[in-house]
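This is what each chain is made of:
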Amino acid sequence: MTAYDVIVLAGGAAKRLGGADKPGVRVGGRALLDRVLAACDGAARTVVVGDRRATSRPVVWTREVPQGGGPLAALGAGLRLTSADHVLVLSADLPFLGPGTVDALLTAAVQPGREGALCTDPGGRDQPLVAAYRAEPLRRELALIATEHGNLAGLPLRLLTAELDLARVDAGPDAAFDCDTWDDIAAARARIREHGAVLDEWITSVKNELGIDLDVDTGALLDLARDAAHGVARPAAPLTTFLVGYAAARASAGAGPDVAAAAVAEASRKATALALRWEAEAAEETAESAKSAGQGGDAAGGPGGGAKPDTGREGTGTP
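Residues numbered from 1 in each chain as written. Predicted model: local features only at pLDDT ≥ 70, side-chain atom pairs only at ≥ 80, totals over all residues. Heavy atoms only, no water.

Draft legend 1. Representation of helix H7 (residues 182–192) within the structure. Those residues of H7 that fall on the buried side of the exposure criterion are Asp 184, Ile 185, Ala 188 and Ile 192. The buried side chains of H7 occupy one side of the element, clustering within an arc of 100° when seen end-on. Against strand S2 (26–27), helix H1 (32–39) and helix H8 (198–210) lie the buried residues of H7. (Buried < 20%, exposed > 50% of the residue type's maximum accessible area, 1.4 Å probe, protein only. Helix = DSSP H or I, 4+ residues; strand = E, 2+ residues; numbered from the N terminus. Arc of directions from axis to C-beta. Contact = heavy atoms within 4.5 Å.)

Structure follows, in C-alpha cells:
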C-alpha cells in the first residue's frame, strides 16, 4: 500500500451549525473527527488543523494563520508538518468515510502522470477535501497561489484543484457525505440505525471505544447467541458470548489480531456445538415424553390419562 500522511481540516467556524463544535459532534456515539481518524489509521503521520481535543488516536496539532483563514490556509499549515510523498486531505465531518475509499484514492493518485485524486459526489461535484495528493505538486501550487495573492487566507479550494492533474474517484453516496447542518447530522444518525447497517456500525463503534483491532465473524457469533438462546435459555446468549470472548482472550494472549480472531472462531465453534447438543437432548426428552404419553401404562395412566383400571389390589386379598 502507498505510504502516506494525512491532513484533517477541523478548524472551520461551523456557521450553519450555529457555531457548534462540529468535529466533536457525535454520530453513532463517536465524534465526527474520530470517525474520520478511524478511516485513515494507516497514515504514517496524522496532522489535524484545528483546536486541540481528545482523540481516539495520537495526532499532531496545528492551526492556520490567521485562524479562520479558510481551507487553503489550513491545508498550507498542515502540509508543513508532513513528509510523505502522498498526502491524504480530509475534512473532519465525514461520518461514513471508510478505509475502502482511502485505498481507492491512494491507488488513483499514484497513476502515471497524475498529481492526485479526489472523490466526486453523486451529483458529479468534485470533493477536494476527500482527496489524495502528491505532496510535491501540492506544495508547488500552494506556493504559487500564495505568491500571486499575497497569502492563502480566504481563498477558495478551486484555485488549487484547477491547476492539478487529478483523477476522479466515484466513491458512492456515502463517502463524500458531509455534515454541514443539523439536518445533515440527523440524517447521518438515522442512516447508521437502518436495519442493514446498524450492526456493523455498532460493532465498529464498540471496537473503537474498547481499543480493539480485531476482525471476527460476527455472523458466527450471532448464530452462537441464537443457538444458546434457543437450545438452553434466552439469558444464555449474552453470557455465552462473553465466555467465548474471555476464552479467546486467554487462548491468544500476547498474539496478534489474526491469532485472536482464530481463537474467537474456535471458541465459538465449540460453544455452538455444545448448545446444539443441549438442544438435541431437550428434543430427545420431549420425544420420549410424548411417546410415553401415547403408549400409556405409566404414572400418567391409560390412554385417557386417568387412573389405571382396578385389576385387583395386590396384597389386599381383594379379588
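Draft legend 2. Structural detail: the nonpolar core. Core analysis: the largest hydrophobic core is formed by 29 residues, its most contacted members being Tyr 4, Val 6, Val 8, Val 48, Leu 88, Leu 90 and Leu 105. Listing elements by their share of this core, those giving two or more residues are strand S1 (5–9), H1, strand S6 (86–91), helix H3 (99–109), strand S7 (116–120), strand S8 (126–134) and strand S9 (166–170). In terms of residues, this core owes the most to one element, H3, which gives 5 residues. Each residue touching Tyr 4, except ones within four places of it in the same chain, is listed here: Cys 40, Asp 41, Gly 42, Ala 43, Ala 44, Arg 45, Ala 84, His 86, Leu 88, Val 102 and Leu 106. With 24 residues, the next largest nonpolar core counts Leu 129, Leu 155, Leu 160 and Leu 166 among its residues. (Core = buried A, V, L, I, M, F, W, Y, C linked by side-chain atoms within 4.5 Å.)

Draft legend 3. Just the packing of aromatic side chains, in detail. Throughout the structure, instances matching the rule amount to 2 aromatic pairs. Where Phe 96 meets Phe 177, the ring centres are 5.8 Å apart and the plane angle is 55°; that geometry is what we call tilted. Taken as a pair, Phe 96 in the loop between S6 and H3 and Phe 177 in the loop between helix H6 (172–175) and H7 lie far apart in primary sequence, 81 residues in all. Each of the two residues, Phe 96 as well as Phe 177, counts as buried. Judged by centre distance (6.5 Å) and plane angle (25°), the rings of Phe 242 and Tyr 246 are stacked. Of the two residues, Phe 242 and Tyr 246 are both situated in helix H10 (residues 236–251); the distance of 4 residues between them amounts to about one turn of the helix. You can call Phe 242 exposed: its relative accessible area is 56%. The ring centre of Phe 177 lies 4.7 Å from the NZ or CZ of Arg 191, which sits over that ring. (Phe/Tyr/Trp six-rings, centres within 6.5 Å; stacked < 30°, edge-to-face > 60°. Lys NZ or Arg CZ within 6 Å of the ring centre and 35° of its normal.)

Draft legend 4. Representation of the sheet that holds strand S4 (residues 46–49) in the model. Strands sit in the order S5-S4-S1-S6-S8-S7-S9 across an open sheet of 7 strands; the sheet is mixed. Each having just a single partner strand, strand S5 (60–62) and S9 make up the two edges of the open sheet. Shown here is a sheet whose adjacent strand axes are inclined to one another by a mean of 25°, direction ignored. Relative to S4, S1 runs parallel, the two being bridged by 4 bridges. The residue bridging Leu 9 from the neighbouring strand is Val 49, located in S4. (Pairing = 2+ DSSP bridges. Axes fitted to C-alpha atoms, helices over the stretch in contact; angles between N-to-C directions.)

Draft legend 5. Quick peek at the side chain of Thr 62. With respect to the helices, strands and loops of the structure, Thr 62 is situated in strand S5. Thr 62 sits in the buried class, given a relative accessible area of 18%.

Draft legend 6. The arrangement of the pattern of salt bridges in detail. Tallied over the full model, the rule gives 14 salt bridges. The partner of Arg 140 in a salt bridge is Glu 141, with the nearest N and O atoms 3.0 Å apart. For Arg 140, a relative accessible area of 30% gives the class partly exposed. Taking the shortest distance from any N to any O, the salt bridge between Arg 191 and Asp 174 comes out at 2.4 Å. Of this pair, Arg 191 sits in helix H7 while Asp 174 sits in helix H6; the two residues are 17 residues apart in sequence, bridging distant segments of the chain. (Salt bridge = Lys/Arg side-chain N within 4 Å of Asp/Glu carboxyl O.)

Draft legend 7. Local environment of the pairing of S6. The buried count for S6 comes to 6 of 6 residues, which makes it a mostly enclosed element. Every second residue of S6 is oriented toward a common face, with His 86, Leu 88 and Leu 90 on one face and Val 87, Val 89 and Ser 91 on the other, all of them buried. Of the pairings in the sheet, the one linking S1 to S6 comprises 5 bridges and is parallel in character. Of the residues in S6, the one forming a bridge with Val 8 is Leu 90.

Draft legend 8. Molecular detail of the packing of helix H9 (residues 218–231) against H10. At a minimum axis distance of 8 Å, the contact between H9 and H10 shows a crossing angle of 135°. In terms of their interaxial angle, H9 and H10 are classed as oblique. At the point where H9 passes H10, the crossing takes the right-handed sense. Along the contact surface, H9 presents Leu 221, Leu 224, Ala 225, Ala 228 and Ala 229, while H10 presents Ala 236, Ala 237, Thr 240, Thr 241 and Val 244. Broken down by class, the residue content of the contact of H9 with H10 amounts to 8 nonpolar, 2 polar and no charged. (Parallel < 35°, antiparallel > 145°, perpendicular 65-115°, else oblique. Left-handed = near helix turned anticlockwise from the far one by under 90°. Nonpolar A, V, L, I, M, F, W, Y, C, P; charged D, E, K, R; others polar.)

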